[in-house]
Amino acid sequence: MGPRPTRKPAHGPCKLGIALALLGTCQLALSTEAVAETSADFYRGKTVNLIIGVNVGGSYDRDARLVARYLGSHLPGNPTVVPQNMIGGGGIMMTNFLQAIAPKDGTTIGMIPNTMVMSQLVGLAAIRYDLGKFSWIGSIMPPAHSAMVASDASGIRSIEDARRQQISAGASPKGSFLYTMPALLNQFLGTRFKIVAGYQGIASVYLALERHEVDSLGVTWGELKVQKPDLVRDQKIRILVQSAPKADDLPDVPTVDELAKHEADRGPMDFLLSGNVLGRPLATPPGTPTERVAVLRVAFDETMKDPRFLHDVEVSGTEFGPIAGATLQHSVEQILSTPKQWIARAKVVLE
């Protein structure tokens, strides 16, 4: 009888598979550590500039500065994060700067007014950016809810009154939400707001309203309740119309969709307010390395859970509900795919 053939271990392939899986896990862990170490080396001792596209004093500015206060402690190497305001064109100047001039190495991020994607698609003359090429980091605020309000002193009590009587509306330049809200109501709902553009940011328009220099303005409802609670509490304003769907605490205020004269008007109006889904978005310029974008997103997410940050959010009354960077990226892509016929009709509003 010859020698017995050697039998292969029954579980050889299984053990090999486990070994390969463990090897892959180790390689992934080493890769992640290498990226973190590389990022720490890059960011250590550097300054990260957080550019704010609106004036000092409003809630956009406040929220950006809240993020800047703690973001650096969650970035590898703990760089200093410095907030800077760059105003002009309702955010267009800052967004152009991010596109063409700002460093594209992960040391510059911007809190971009959420109307900038819409403004790009309607083709405002000063625009030199393409937000489809930006990388989105996150938003401190949940999707916004828009409303148009009038001072009680104006005598305007409803949207019907605003159709019959001309009143002034304080606004920033074309492309800003402050301009877009009364302009779309004039175009699609037949109101007669006389738009007084040129104010730099919501804080200056609030002041103008309180001084009776203007009669009305477009607002983010959550922001108004925090920034000017006395106006709401003491009924110094009237809420004329709101974006859809209705806010829970505004059940009797009509939405722009409900007031639309024609079904075909709803699409263009929704497009003009499409930036609401972006909240208060942070983004990096085109060309920022993907690994730095990933690091910034993680740092942002960690900042949103930082107890110190959350304490400051509570004290400030900020409307809080973070949106992840990947979600913002998808939302921007959806806005950029808006039907051309909606864009064409919306463009008339901002010409």
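Criteria and thresholds
- Residues numbered from 1 in each chain as written.
- Predicted model: local features only at pLDDT ≥ 70, side-chain atom pairs only at ≥ 80, totals over all residues.
- Heavy atoms only, no water.
- Salt bridge = Lys/Arg side-chain N within 4 Å of Asp/Glu carboxyl O.
- Helix = DSSP H or I, 4+ residues; strand = E, 2+ residues; numbered from the N terminus.
- Buried < 20%, exposed > 50% of the residue type's maximum accessible area, 1.4 Å probe, protein only.
- Pairing = 2+ DSSP bridges.
- Contact = heavy atoms within 4.5 Å.
- Axes fitted to C-alpha atoms, helices over the stretch in contact; angles between N-to-C directions.
- Core = buried A, V, L, I, M, F, W, Y, C linked by side-chain atoms within 4.5 Å.
- Polar contact = N/O pair within 3.5 Å; in protein donor to acceptor, adjacent residues only side chain to side chain.
- pLDDT = per-residue confidence, 0-100.
- Parallel < 35°, antiparallel > 145°, perpendicular 65-115°, else oblique.
- Nonpolar A, V, L, I, M, F, W, Y, C, P; charged D, E, K, R; others polar.
- 1 Å grid on protein atoms, 1.4 Å probe; cavity = no way out; pocket = protein on both sides within 12 Å on 5 of 7 lines; lining within 4 Å.
- Points joined across faces, edges and corners; volume = space filled by probe spheres on them.

J.: What is the right way to look at the pattern of salt bridges in this model?
T.: Any two side chains of opposite charge can pair, on the condition that their charged atoms come close. Counted by the stated rule, this structure contains 20 salt bridges. Two residues, Arg-44 and Asp-41, come together in a salt bridge whose shortest N-O distance is 3.3 Å. The shortest N-O distance in the salt bridge between Asp-312 and Arg-69 comes to 2.7 Å. Here Asp-312, found in helix 13 (residues 307-316), pairs with Arg-69, found in helix 2 (residues 59-71); they are 243 residues apart in sequence, far enough to count as distant. Taking the relative accessible area as the measure of exposure, Asp-312 reaches 14% and is therefore buried. Taken together, the shared-partner salt bridges in this structure form one network comprising Arg-62, Asp-63, Glu-223 and Arg-280.

J.: Hey, could you run me through the sheet that holds strand 1 (residues 47-52) in this one?
T.: Hydrogen bonding along the main chain pairs the strands of a sheet, whether they run parallel or antiparallel. Across the sheet, 6 strands lie side by side as 2-1-3-10-4-11; this open sheet has mixed pairing. Because the sheet does not close on itself, it has two edges, and the strands there are strand 2 (80-85) and strand 11 (323-324). With 6 bridges connecting them, strand 1 and strand 2 associate as parallel partners. Bridging from a neighbouring strand, Asn-49 pairs with Val-82 of strand 2. Along the sheet, helix 12 (residues 290-303) makes contact with strand 3 (108-111), strand 4 (135-139), strand 10 (281-284) and strand 11, crossing strand 4 at roughly 0°. Taken strand by strand, helix 14 (residues 325-336) contacts strand 4, strand 10 and strand 11, and its axis lies near 120° from that of strand 4.

J.: Help me understand the nonpolar core, please; the structure alone is not making it clear to me.
T.: Generally speaking, soluble globular proteins have nonpolar side chains that are buried together. Counting residues in hydrophobic clusters, the biggest one holds 71 residues, and the most contacted among them are Ile-112, Leu-184 and Leu-217. For this core, the element with the most residues is helix 6 (residues 177-189), which contributes 9 residues. Those residues in contact with Ile-112 that lie beyond four places of it in its chain are Tyr-60, Met-94, Thr-95, Leu-98, Leu-131, Phe-134, Trp-136, Pro-281 and Ala-283.

J.: What am I meant to see in the side chain of Asn-114 here?
T.: By the secondary structure assignment, Asn-114 is in the loop between strand 3 and helix 4 (116-122). At 3.3 Å, the side chain of Asn-114 and the backbone oxygen of Gly-275 are in polar contact. Among the polar contacts listed, one links the side chain of Asn-114 to the backbone oxygen of Gly-279, at a separation of 3.0 Å. For Asn-114, the contacting residues outside a window of four places in its chain are Tyr-60, Gly-275, Asn-276, Leu-278, Gly-279 and Pro-281.

J.: Would you explain the environment of Val-81 in this entry?
T.: With respect to the element layout, Val-81 can be found in strand 2. Val-81 sits 32 residues away from Asn-49 along the chain, and the two C-alpha atoms are 5.8 Å apart. Beyond its immediate stretch of four places on either side in the chain, Val-81 contacts Val-48, Leu-50, Ala-68, Leu-71 and Gly-72.

J.: Help me understand the confidence of the model for the protein in this model?
T.: Atomic detail in the predicted coordinates should be set aside for any region of low pLDDT. Overall, the prediction assigns the protein a mean pLDDT of 89, with 89% of residues at 70 or greater. For the stretch residues 1-35, pLDDT sits under 50, and the model shows 1 contact to residues farther than four places along the chain or on other chains.

J.: I keep staring at the packing of helix 6 against helix 11 (residues 263-272) and nothing clicks. Help me out?
T.: In a packed pair of helices, the relevant descriptors are the angle between the two axes and the axis-to-axis distance. Viewed as axis vectors pointing N to C, helix 6 and helix 11 meet at an angle of 175°, and their least axial separation amounts to 10 Å. Considering their axes alone, helix 6 and helix 11 lie roughly antiparallel with respect to each other. Across the interface between the two elements, Thr-180, Leu-184, Phe-188 and Leu-189 of helix 6 pack against Asp-265, Pro-268, Met-269 and Leu-272 of helix 11. In terms of residue class, the contact of helix 6 with helix 11 is built from 6 nonpolar, 1 polar and 1 charged.

J.: Help me understand empty space enclosed by the protein in this model?
T.: Summed over the entire model, instances satisfying the criterion amount to 2 cavities of 30 Å³ or more. Roughly 40 Å³ of volume is contained in the largest cavity. Taken together, Asn-114, Thr-115, Phe-177, Leu-272, Leu-273, Gly-275 and Asn-276 form the lining of the largest cavity. Residues belonging to the lining of the largest cavity are distributed by class as follows: 3 nonpolar, 4 polar and no charged.

J.: Explain the layout of surface pockets here, please?
T.: To find leftover empty space, a probe the size of one water molecule is rolled over the atoms. Space inside the largest pocket adds up to approximately 450 Å³. When contributions to the lining of the largest pocket are tallied by element, the ones reaching two or more residues are helix 2, helix 6, helix 7 (202-210) and strand 8 (216-220). A breakdown of the residues in the lining of the largest pocket according to their chemical character gives 11 nonpolar, 18 polar and 2 charged.

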